[in-house]
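Examination of the molecular architecture
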Amino acid sequence: MNAVLVYFLRDMRRWVRGRLNVWSALIMPAAWLIFVGLALPTRFTDSYLDFITPGILVLTMLSAGMQGGSSLIFDKILGFLNKFLALPSPRESILYGKILFITVRGLLQASVIMLLAVLLGATIFSPAQVGFSYLVLFVFGVLLSSFSTALALFVQDHDGYAAVNALLSMPLFFTSSALMPYDVMPAWLRAIARCNPVSWAIDLIRSFAAPPLPWTGFAALLLLAAAMVAASSLLFRRVTV
Amino acid sequence: MVAIEADGLTRRFGDLLAVDDLDLAVDREVFGLLGPNGSGKTTTVLMLTTLLRPSAGTARVSGHDVVREAARVRERISYVPQDMAVDIKLTGRENVRFYAALYGVAGRDRVDEVLGLMDLADRADDLTGTYSGGMRRRLELAQALVHEPEVLFLDEPTLGLDVAGRRAIWDHIADLRRGGMTIFVTTHYMDEADQACDRVGVIARGRLVAIDAPAALRRRIGGERVVLRTDRPAPPVAVGGIRLVGREGDRSVYHADDAAAEVPALLAALSEEGVVVRGLEVSSPTLDDVFLALAGRQDEGGGFDYRSFRNMIRRRH
């Protein structure tokens, strides 16, 4: 069996058996959907829930991805990483297994959130939208998990990692197009939001409500994700030899 | 072909010379590397297991260079670090199967075989979170053995285990050695090294200061060990071939070339100083004494260099 898959399955098994962790990660995005999506009075749209759902799906992936590096931190601290590095399978497969695990875990969590959104009354335009949303979330997840695993290589302990994570996650979310459309943002926020990759992912999913699809946006996200995978592979190789 | 060969192996961390010009040849034996904390044991093991690049010198393991043919080396060795890293949310069998898959070992048979070998067959399907420390260590050995390595590296294999657990681990190591495997261990436990190792190397401040069979090293120290219990710290009197080598509380440890002939003179000299002797004990030297004589006391030397230490820890991860 491919080593990437072996590492992936190990992490999946451990995660699913964690039980509490499986559900606790869903509470925050679910709370956003219910307490903000259903309750916030807005003038720019008839259904704020429809507007915010893509943002919350991306938020789910954002927190899953950013938090994912801690899995590598623990492997490092507890001595697993050294054992894995002494194995004959290609060392990068440790990194790719992690990226795959963090991304797939995020997709599973996003699926639950998507289901919840539909139950709350969000509109699904077509099966193609769902499929495309998964594709965007996957690419976005790869981008984030490569970043967070690279970060994990350099941070010494879990506290430090959690601090950096908190420092980045919330600002990334609030400076994106998750909560309001560009035309109601103040000019300074609009400028930031346009450059924020979190917005790119949200806009792509949202674009199904008003086609055509912005393929250039997708290409940009794809390119950024590829660059991040390359960068984290390079760092991983440098740190582990 | 010699299983482990090191030639001038050296590793620097900034200003710190962690391993200094190490020459070594180990083959089909249980070899113990002994040394105080920070003496370079783990750094040596990390270089031999391809986890750390030497600053200078070369090493070959199973006939392959640890830098240029690292992947080949990794196919032929197993490394069990001291951290005791097994996935507690997986069963024993899943833990071993995971390594079998990574080593490219096919089939359930080998997994069952190593679990049986380590006496874990009846608990194989329990989560390892329910295992005792000794069982977890044996599970790590099972993982390490699944691909039938030629050389096994064990870092402090009995750390934190109870007496029965330690004995079980050493028994298994002896079995593996009889099967023709080369086993390289680091340990703090001198009595265990004395019994279990064919040869030991003593490393101090990065330098290999002695390498021989434990009994030969004990003979090299020669003489006897005399321990006196006194009412106050004994002054360092030197009588004939007797000299003070250490103090622990009210106990003073002497080395004597010939205890029977020299102890009476020592007692007389002490009573002249007004020291009251309350107890006397004579024994042959242990590996501990060899170790202290060769490596010095652990807290000896300069102050703790925090920067070098941090540097070293960082490089390890």
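Residues numbered from 1 in each chain as written. Chains lettered and ligands numbered in written order. Predicted model: local features only at pLDDT ≥ 70, side-chain atom pairs only at ≥ 80, totals over all residues.

Attention now moves to the interface of chain A and chain B. Chain A puts 20 residues into the contact, and the matching count from chain B is 19 residues. When residues of the side of chain A that touches chain B are traced back to their parent elements, those giving at least two are helix H1 (3-17) and helix H4 (80-85) of chain A. Tallying contributions element by element places H1(A) first for the side of chain A that touches chain B, with six residues. Split by residue class, the side of chain A that touches chain B holds ten nonpolar, four polar and six charged. (Contact = placed C-beta atoms within 7 Å. Helix = DSSP H or I, 4+ residues; strand = E, 2+ residues; numbered from the N terminus. Nonpolar A, V, L, I, M, F, W, Y, C, P; charged D, E, K, R; others polar.)

Attention now goes to the nonpolar core. Residues A:Val58, A:Phe140, A:Ala201, B:Ala142 and B:Phe153 are the most contacted members of the largest nonpolar core, which totals 139 residues. The dominant element in this core, judged by the number of residues it contributes, is helix H3 (residues 48-77) of chain A, at 13 residues. If sequence neighbours within four positions are ignored, A:Ala201 has contacts with A:Val58, A:Val136, A:Phe140 and A:Leu221. The next biggest cluster of nonpolar side chains, apart from the first, holds nine residues, and it includes B:Val226, B:Leu228, B:Ala259 and B:Leu266. (Core = buried A, V, L, I, M, F, W, Y, C linked by C-beta atoms within 7 Å. Buried ≥ 20, exposed ≤ 12 C-beta atoms within 10 Å, placed from the backbone.)

Time to look at helix H9 (residues 197-206) of chain A. Residue and element names in this part refer to chain A. The element H9 is extensively covered by neighbouring structure, given that ten of its ten residues are classed as buried. Looking only at H9, the buried set comprises Pro197, Val198, Ser199, Trp200, Ala201, Ile202, Asp203, Leu204, Ile205 and Arg206. Of the surrounding elements, those touching the buried residues of H9 are H3, helix H6 (127-154), helix H7 (158-174), helix H8 (187-195) and helix H10 (215-240).

This part is about the sheet that holds strand E12 (residues 242-248) of chain B. Residues and elements named next belong to chain B. Strands sit in the order E12-E13-E11-E14 across an open sheet of four strands; the sheet is antiparallel. The open sheet has two free edges, formed respectively by E12 and strand E14 (277-283), since each of these has just one partner strand. Averaged over all pairs of adjacent strands, the angle between their axes in this sheet comes to 25 degrees, without regard to strand direction. The pairing of E12 with strand E13 (residues 251-256) spans six bridges and is classified as antiparallel. In the sheet register, Gly246 faces E13, and the bridge partner there is Val253. (Pairing = 2+ DSSP bridges. Axes fitted to C-alpha atoms, helices over the stretch in contact; angles between N-to-C directions.)

Let us look at the environment of B:Tyr131. Residue and element names in this part refer to chain B. Looking at where Tyr131 falls in the secondary structure, it is placed in the loop between helix H4 (108-117) and helix H5 (133-145). Here Tyr131 falls in the buried class, since 20 other C-beta atoms lie within 10 Å of it. Spatially, the C-alpha atoms of Tyr131 and Ile88 are 8.6 Å apart, while their sequence positions differ by 43 residues. Residues within four places of Tyr131 in sequence aside, it is in contact with Arg136 and Leu139.

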